Amino acid sequence: MTQVPNITLSNGNTIPQLGFGVFQIEPADTAAAVRSALEVGYRHIDTAQMYGNEKEVGEGIRDSGVPRDEIFVTSKLNNKFHEPAAAREAFATTLSDLGLDHIDLFLIHWPLPTQYGGDFVSTWQTLIEFGKDGRSGAVGVSNFQPEHLERLAAETDLVPAVNQIEVHPYFPNESVRKYNNDHGIVTEAWSPIAQGDVLSDPVINQIAGQLGKSAAQVVLRWHVQRGDVIFPKSVTPKRVQENFDLFDFELDDATMRAIDALDKGVAGRRGPDPDTFDWVG
Ligand code: NDP
């Protein structure tokens with residue numbers, strides 16, 4: 001069976017570099033999707049309170065028969081629960097919805113710097129509690145910009161284990177990746193194939209043709225070689241398998257550089273700008 005590399009987090013725990021994302025999978029389809037991803041060999045599931053499918057993720061894990069301690073499970077705090085009391089209650093609900101006594105990683109989903117009086121620090125201090133009491137193996141953030149991370153470093157005593165941010169060839173997000181890397185924070189790349197947008201790119205397709213791989217495999221392999229954690233989403237069984245088969249080929253330096261050159265700067269973003277995103281719901 002394919003060996004997915006593990007990446008070591010700052011607290012010594014390890015995370016499989018390749019996982020399965022469940023954003024925009026309908027709750028009714030989620031248990032089956034998670035179960036089939038686990039059958040293919042995925043051992044890392046990325047969900048969030050806002051995806052509305054944590055119960056079904058838990059169901060898929062139980063149905064799979066794969067032992068709990070072999071699966072890395074991540075969830076994220078809903079934007080509407082940033083205040084400490086609300087965050088504590090929401091985290092307890094995540095555990096009960098998943099049917100787990102602990103998860104492996106829990107993240108602040110968005111910094112929302114223009115909401116809650118600009119206070120994401122007390123939210124972070126609350127997540128630190130979940131790490132300390134063992135109900136979350138590690139804690140981290142998502143969509144945090146360097147200035148947000150600087151505040152956490154200055155005002156609390158724990159640096160996030162990961163920062164989950166938008167990264168793909170059209171928006172490689174290098175400045176945030178560099179900050180993460182310089183501060184021992186693992187980068188998780190969300191929308192790694194830009195929700196499909198990069199798959200029709202002529203450069204990607206030319207490389208794919210030369211290597212006899214699919215466009216998605218080429219892009220996902222580029223992420224793997226850059227060292228980021230990825231969790232592509234698919235409800236299509238053939239793609240779920242294809243996205244897992246990334247470890248029997250390599251991109252040479254020139255090919256890596258050709259994909260790096262597809263950077264469109266902020267025009268390449270697929271999702272919102274974390275500095276201004278203020279949706280609380
Ligand atoms: P992805 O970049 O993973 O792309 C998913 C889309 O690509 C789907 O439409 C899927 O179609 C299609 N697809 C997947 N594999 C292939 C393939 N091999 N060939 C062709 N098409 C393919 O987008 P996501 O936005 O879902 O990102 C992945 C994960 O990142 C999410 O599920 C979530 O866990 C996380 N995320 C986190 C965010 C955050 O703010 N922290 C924001 C966004 C995502 P189909 O399913 O029909 O097969």
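Keep in mind that this is a model prediction, so the values were computed, not measured.

Definitions and cut-offs
- Residues numbered from 1 in each chain as written.
- Predicted model: local features only at pLDDT ≥ 70, side-chain atom pairs only at ≥ 80, totals over all residues.
- Heavy atoms only, no water.
- Helix = DSSP H or I, 4+ residues; strand = E, 2+ residues; numbered from the N terminus.
- Buried < 20%, exposed > 50% of the residue type's maximum accessible area, 1.4 Å probe, protein only.
- Contact = heavy atoms within 4.5 Å.
- Areas by Shrake-Rupley, 256 points an atom, 1.4 Å probe, with all protein chains shown as cover.
- Lys, Arg positive; Asp, Glu negative; His and termini not counted.
- Charge placed at Lys NZ, Arg CZ, Asp CG, Glu CD.
- Near = heavy atom within 4 Å.
- Polar contact = N/O pair within 3.5 Å; in protein donor to acceptor, adjacent residues only side chain to side chain.
- 1 Å grid on protein atoms, 1.4 Å probe; cavity = no way out; pocket = protein on both sides within 12 Å on 5 of 7 lines; lining within 4 Å.
- Sits in = over half its atoms within 2 Å of the grid points.
- Salt bridge = Lys/Arg side-chain N within 4 Å of Asp/Glu carboxyl O.
- Core = buried A, V, L, I, M, F, W, Y, C linked by side-chain atoms within 4.5 Å.
- Axes fitted to C-alpha atoms, helices over the stretch in contact; angles between N-to-C directions.
- Parallel < 35°, antiparallel > 145°, perpendicular 65-115°, else oblique.
- Nonpolar A, V, L, I, M, F, W, Y, C, P; charged D, E, K, R; others polar.
- Points joined across faces, edges and corners; volume = space filled by probe spheres on them.

Observations regarding the overall build of the protein chain
- Helices and strands together make up the secondary structure of the protein chain, namely 10 helices and 10 strands.
- If one aligns the C-alpha atoms of the protein chain with their principal axes, the spans along those axes are about 55 × 40 × 35 Å.
- Within the protein chain, buried positions represent 53% of all 281 residues.
- Across the protein chain, every contact between residues at least 6 apart in sequence was considered, and the portion connecting residues at least 24 apart equals 74%.
- Within the structure as shown, the protein chain displays about 11700 Å² of accessible surface, and the carbon and sulfur contribution to it stands at 49%.
- The averaged location of the 40 negative side-chain charges in the protein chain is 2 Å from the averaged location of its 23 positive side-chain charges.

So, the site of the ligand
- Inspection of the region around the ligand gives 29 residues, with D46, Q195, K233, S234 and T236 positioned closest.
- Within the backbone of V22, one N or O atom sits 3.3 Å away from an oxygen atom of the ligand.
- Taking E242, its side chain carries an N or O atom lying 3.0 Å from a nitrogen atom of the ligand.
- Burial of the ligand by the surrounding chains reaches 88%, relative to a free accessible area of 900 Å².
- Of the pockets mapped on this structure, the ligand occupies the largest pocket.

Quick look at the pattern of salt bridges
- Under the criterion given, the structure shown has 17 salt bridges.
- Salt-bridge contacts for D182 lead to K178; the nearest nitrogen and oxygen are separated by 2.6 Å. Residue D182 and its partner K178 are both found in helix α6 (residues 174-182); the two are separated by 4 residues, about one turn of the helix.
- Across the pair R270 and D197 runs a salt bridge, and its minimum N-O distance is 2.8 Å. With R270 in the segment after α10 (253-260) and D197 in the loop between β9 (186-190) and α7 (202-211), this residue pair connects regions lying 73 residues apart in the sequence.
- Residue R270 is classed as partly exposed on the basis of its relative accessible area of 36%.
- Via salt bridges that share partners, E174, R177, R226, D228, R257 and D260 belong to a single interconnected network.

Things to note about the nonpolar core
- Counting 68 residues, the largest nonpolar core has F20, V22, I45, I103, W124, L127 and I259 as its most contacted members.
- Looking at this core element by element, the count peaks at 7 residues for helix α8 (residues 215-226).
- Excluding residues that lie within four positions of it along the chain, L127 makes contacts with L77, F106, L107, I108, V139 and G140.
- L9, L107, A161 and V229 belong to the second largest nonpolar core, which has 12 residues in total.

What about the packing of α8 against α10?
- At their nearest, the axes of α8 and α10 sit 11 Å apart, and the two run at 105° to each other. When the interaxial angle is binned, α8 and α10 end up roughly perpendicular. On the side of α8, the interface is formed by V218, W222, Q225 and R226, while α10 contributes M256, I259 and D260.
- In the contact of α8 with α10, the residues fall into 4 nonpolar, 1 polar and 2 charged.

Thoughts on empty space enclosed by the protein
- What the rule picks out here adds up to 1 cavity of 30 Å³ or more.
- Of the volumes computed, that of the largest cavity is approximately 50 Å³.
- If you trace the largest cavity, you find it lined by N143, F144, Q145, I165, E166, F171, N173, V176, R269 and P274.
- Looking at side-chain class alone, the lining of the largest cavity contains 5 nonpolar, 3 polar and 2 charged residues.

A short note on the layout of surface pockets
- The volume enclosed by the largest pocket comes to roughly 870 Å³.
- F23, Q24, W190, S191 and Q195 are, among the 36 residues lining the largest pocket, the residues nearest its centre.
- Of all the secondary structure elements, the ones that give two or more residues to the lining of the largest pocket are α8 and α9 (237-242).
- By volume, the second largest pocket amounts to about 340 Å³.
- In this structure, the second largest pocket is lined by 22 residues; those nearest its centre are N6, P16, R43, E70 and I71.

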